[in-house]
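Residue-level listing of the chains:
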Amino acid sequence: GGDEAAVAPLVERSEGWAAGLVLMREQAQRGVRAAPSPAHAGEAAFAYFAGEIYERIAPESQRVLLAAALLPRARPELLKGLTNHPDPRSVLEYGYRRHLFITRSGTAPGTYQFHVLFREFLLERAHRELGADGVRALKRLAAHVLERAGEREGVFQLRCDAQDWDGAVRTVLAEAPALLAQGRFRPLAAQIDALPPEVREAHPWLAY
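Counting of residues starts from 1 at the beginning of each chain's written sequence and follows it residue by residue. Residue-level local features of this predicted model are given only where pLDDT is at least 70; pairs of side-chain atoms are given and counted only at 80 or more, and the full residue set underlies all totals for whole chains, interfaces and linings. With hydrogens and water excluded, all non-hydrogen atoms of the structure serve as input to the side-chain values.

1. Description of helix 7 (residues 116-148)
The cut-off we apply is this: Strands here mean DSSP runs of E at least two residues long; helices mean DSSP runs of H or I at least four residues long; both are numbered from the N terminus. The span expected for a helix works out to 1.5 Å for each residue beyond the first. We define the bend at any residue as the angle between the axes fitted to the seven residues before and including it, ending there, and the seven starting there.
Between the first and last C-alpha of helix 7 there are merely 27 Å, a value that for 33 residues lags more than 12% behind the 48 Å anticipated at 1.5 Å per step. In the structure, helix 7 departs most strongly from a straight axis at G131, where the bend amounts to approximately 110°. Of the residues trailing helix 7, G150 is marked for its positive phi of about 80°.

2. Things to note about the packing of helix 4 (residues 59-68) against helix 7
Selection rule: Lines fitted to C-alpha atoms define the axes, with helix axes restricted to the stretch in contact, and inter-axis angles between N-to-C directions lie between 0 and 180 degrees. Roughly parallel here means an angle under 35 degrees, roughly antiparallel means over 145, roughly perpendicular means 65 to 115, and every remaining angle is called oblique. Contacts between residues were defined by any pair of non-hydrogen atoms, one from each residue, lying within 4.5 Å. The residue classification treats Ala, Val, Leu, Ile, Met, Phe, Trp, Tyr, Cys and Pro as nonpolar and Asp, Glu, Lys and Arg as charged. All others, Gly included, are polar.
Closest axis-to-axis distance for the helix 4/helix 7 pair is 9 Å, and the angle between their directions is 90°. In terms of orientation, helix 4 and helix 7 fall into the roughly perpendicular class. Each of R63, L65, L66 and A67 in helix 4 lies in contact with helix 7, whose residues at this interface are F118, L122, R125, A126, E129, L130 and L138. Of the residues assigned to the contact of helix 4 with helix 7, the class counts are 8 nonpolar, no polar and 3 charged.

3. Describing the environment of G110
Where we set the bar: Residue exposure (1.4 Å probe, protein chains only): buried if accessible area is under 20% of the type maximum, exposed if over 50%, otherwise partly exposed.
The topology assignment puts G110 in the loop between strand 1 (102-105) and strand 2 (111-114). Taking relative accessible area as the criterion, G110 reaches 17% and is therefore assigned buried. When the C-alpha atoms of G110 and A74 are compared, they prove to be 8.9 Å apart, with 36 residues separating the residues in sequence. Not counting residues within four places of it along the chain, the set of residues in contact with G110 comprises R75, P76, R104 and S105.

4. Overview of the packing of aromatic side chains
Spelled out, the test is: A pair of aromatic rings is counted whenever rings of Phe, Tyr or Trp (Trp by its six-membered ring) have centres within 6.5 Å, and the orientation is called stacked for planes under 30 degrees apart, edge-to-face for over 60 and tilted otherwise.
A full pass over the atoms with the stated rule returns 4 aromatic pairs. The interplanar angle of 90° and the centroid separation of 5.6 Å between the aromatic rings of F114 and F118 together place this pair among those described as edge-to-face. Accessibility classification places F114 together with F118 in one group, the buried group. One aromatic cluster is present, formed by Y54, F101, F114, F118 and F121 through successive ring pairs.

5. Section: the nonpolar core
Heads up, the condition is: The nonpolar core is taken to be a set of buried Ala, Val, Leu, Ile, Met, Phe, Trp, Tyr and Cys residues, with the residues joined through side-chain atoms within 4.5 Å.
One finds L65, L79, L82, L92, F114, F118 and L122 to be the most contacted residues of the largest nonpolar core, which totals 36 residues. Secondary structure elements with two or more residues in this core: helix 3 (43-55), helix 4, helix 5 (76-79), helix 6 (88-97), strand 2, helix 7 and helix 8 (155-161). Among the elements that line this core, the one with the most residues is helix 7, at 11 residues. Membership of the second largest hydrophobic core comes to 12 residues, among which are C160, V169, L188 and L195.

Below is the structure:
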């Protein structure tokens, strides 16, 4: 019916609510009040399950998840530069092994990705817990870590989100020769257009 049609995309995006079912089973074993049922799930129910997962882990592990949500693809070696956690891989692997809205490609350490709704939840928590300035600082650090590792994907957007305009300009100028040599004018123009007018005007090479 209509309810099933509304729920289906959400269920698909969270891989059958495996994490919610795990939590419901554990709560039933402990005699805890029943959680919202995935069968009648909506985004509020997903937020409940995601919150239950998040609140159960240590603060240093929470920081790993918040930092990982900022990256295009979460790789444990990159997260070491973003957090003080001694073993970020263990946090991501735990979620992957228990089907807690985390998937992995490749063999360990591999690359981890969050389901869309879980990533949205983590980004919201990052803003709530770190504040706008804290999130910008973390994004600035994430861009630095990616760049230091030789990664290009996501660096420009992270710098823009962090309002690190000098860094964003450096990224554009560093990538411009390769993009132009490949004939990829539109992606380069899109990056330049994403910069504030006053930033573009202050760097004549961008107009060139």
